[in-house]
Amino acid sequence: MKVTKKTANRIYLIGFMGSGKSTLGPMLAKSLDLDFVDLDDLIEEVEAMKISEIFERKGEQYFRNKEREILATTESYSNTVFATGGGLPCYNQNMKMIQKLGYSIYLELTPLQIFNRIKNSTNRPLVNRLSTVQLKQFIQDTLSKRVEYYNQAMTVVNAHQPIEKLVIECMIKIE
Ligand code: S3P
């Protein structure tokens with residue numbers, strides 16, 4: 001694996017909401033014989049609250065700080081694939097930390113592909129209450145700000161393909 005001893009076989013999947021990090025993650029982990037951890041799940045566990053509840057009761061800033069703290073704890077893991085929240089790489093210099101800790105894969109989609117995947121989403125606090133027009137605009141605006149962080153990933157894969165193919169493509173890129 002390209003993932004070196006120094007990075008202890010840690011692989012971080014990054015990308016916008018709906019890019020398939022939480023779906024791909026367990027499959028990739030299984031194929032590589034690694035563990036899988038979803039960082040949003042870890043935050044929910046530590047906070048004993050759903051992400052949407054954290055946003056509602058404590059605010060986005062609090063959530064972003066938690067993301068940073070949880071990301072830092074991944075240094076103690078090895079042989080693990082991590083799914084990260086869509087905003088995580090774009091705040092608090094987190095992308096730098098990811099670079100230091102492991103190998104990163106950006107699951108890339110176009111704004112329209114993202115829209116089609118998240119338009120019926122009910123568990124994402126940033127987009128739940130948006131109309132169709134607002135959601136399209138939000139994706140355009142937010143992706144254009146985030147892409148400079150996502151593109152710092154060590155490799156980029158086209159996420160708009162059957163999941164089995166995506167797993168294979170990621171494995172080839174890593175090996
Ligand atoms: C967020 C994405 C979500 C979750 C939170 C904020 C974002 O994760 O972390 O709702 O800022 O894009 P997914 O990318 O897994 O939906």
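Quick summary incoming for the structure in this document.

**Comments concerning the overall build of the protein**
Turning to step 1, where the next piece is worked out: On a plain count of helices and strands, the protein comes out with eight helices and five strands.
Turning to step 2, where the next piece is worked out: Its helices and strands taken in sequence order, the protein reads β-α-β-α-α-α-β-α-β-α-α-β-α from the N to the C terminus.
Turning to step 3, where the next piece is worked out: Against the compact-globule benchmark of 16 Å for 175 residues, the protein has a radius of gyration of 15 Å, which places it among compact chains.
Turning to step 4, where the next piece is worked out: Dimensions of the protein, computed from C-alpha atoms along their principal axes, come out at roughly 45 × 35 × 25 Å.
Turning to step 5, where the next piece is worked out: Burial status across the protein gives 48% buried among its 175 residues.

**Some points on the packing of helix α4 (residues 60–73) against helix α5 (residues 94–101)**
Turning to step 1, where the next piece is worked out: Running from N to C, α4 and α5 point in directions that differ by 10°, and their axes come no closer than 10 Å. When the axis of α4 is compared with that of α5, the two are roughly parallel. Counting all contacts with α4, which are made through Arg-68, Leu-71 and Ala-72, the residues of α5 involved are Asn-94, Met-97, Ile-98 and Leu-101.
Turning to step 2, where the next piece is worked out: Taken together, the residues of the contact of α4 with α5 break down into five nonpolar, one polar and one charged.

**Notes on the pairing of strand β4 (residues 103–108)**
Turning to step 1, where the next piece is worked out: Within β4, five of the six residues are buried, leaving the element largely enclosed by the surrounding structure.
Turning to step 2, where the next piece is worked out: Looking at chain direction, strand β1 (residues 10–14) and β4 are connected through four bridges and run parallel. Bridge pairing in β4 links Leu-13 to Ile-105.
Turning to step 3, where the next piece is worked out: As judged from the four bridges shared by β4 and strand β5 (residues 155–158), these two strands associate in the parallel manner. Bridge pairing in β5 places Tyr-106 opposite Val-156.

**Points about the site of the ligand**
Turning to step 1, where the next piece is worked out: Around the ligand, the structure places 13 residues, and the nearest of them are Lys-21, Asp-40, Arg-64, Arg-124 and Arg-146.
Turning to step 2, where the next piece is worked out: Taking Asp-40, its side chain carries an N or O atom lying 2.8 Å from an oxygen atom of the ligand.
Turning to step 3, where the next piece is worked out: A distance of 3.3 Å separates an oxygen atom of the ligand from a polar atom in the backbone of Gly-87.
Turning to step 4, where the next piece is worked out: Considered on its own, the ligand offers 390 Å² of accessible surface; in the complex 92% of this is hidden by protein.
Turning to step 5, where the next piece is worked out: The class makeup of the residues in the shell around the ligand is five nonpolar, three polar and five charged.

**Here we look at the packing of aromatic side chains**
Turning to step 1, where the next piece is worked out: Taken as a whole and judged by the stated rule, the model has four aromatic pairs.
Turning to step 2, where the next piece is worked out: When the ring of Tyr-77 is compared with that of Phe-82, the centres are 5.5 Å apart and the planes differ by 75°; the resulting orientation is edge-to-face.
Turning to step 3, where the next piece is worked out: Ring geometry for Tyr-106 versus Tyr-150: centroids 5.0 Å apart, planes at 35°, classification tilted. Here Tyr-150 lies in helix α7 (residues 132–150) and Tyr-106 lies in strand β4, a separation of 44 residues in the sequence. As far as burial versus exposure is concerned, Tyr-106 and Tyr-150 are alike and both buried.

The rules we used
Residues numbered from 1 in each chain as written. Predicted model: local features only at pLDDT ≥ 70, side-chain atom pairs only at ≥ 80, totals over all residues. Heavy atoms only, no water. Helix = DSSP H or I, 4+ residues; strand = E, 2+ residues; numbered from the N terminus. Rg over C-alpha atoms; globule rule 2.2 N^0.38 Å. Buried < 20%, exposed > 50% of the residue type's maximum accessible area, 1.4 Å probe, protein only. Axes fitted to C-alpha atoms, helices over the stretch in contact; angles between N-to-C directions. Parallel < 35°, antiparallel > 145°, perpendicular 65-115°, else oblique. Contact = heavy atoms within 4.5 Å. Nonpolar A, V, L, I, M, F, W, Y, C, P; charged D, E, K, R; others polar. Pairing = 2+ DSSP bridges. Near = heavy atom within 4 Å. Polar contact = N/O pair within 3.5 Å; in protein donor to acceptor, adjacent residues only side chain to side chain. Areas by Shrake-Rupley, 256 points an atom, 1.4 Å probe, with all protein chains shown as cover. Phe/Tyr/Trp six-rings, centres within 6.5 Å; stacked < 30°, edge-to-face > 60°.

Nothing here speaks to function; it is all geometry.
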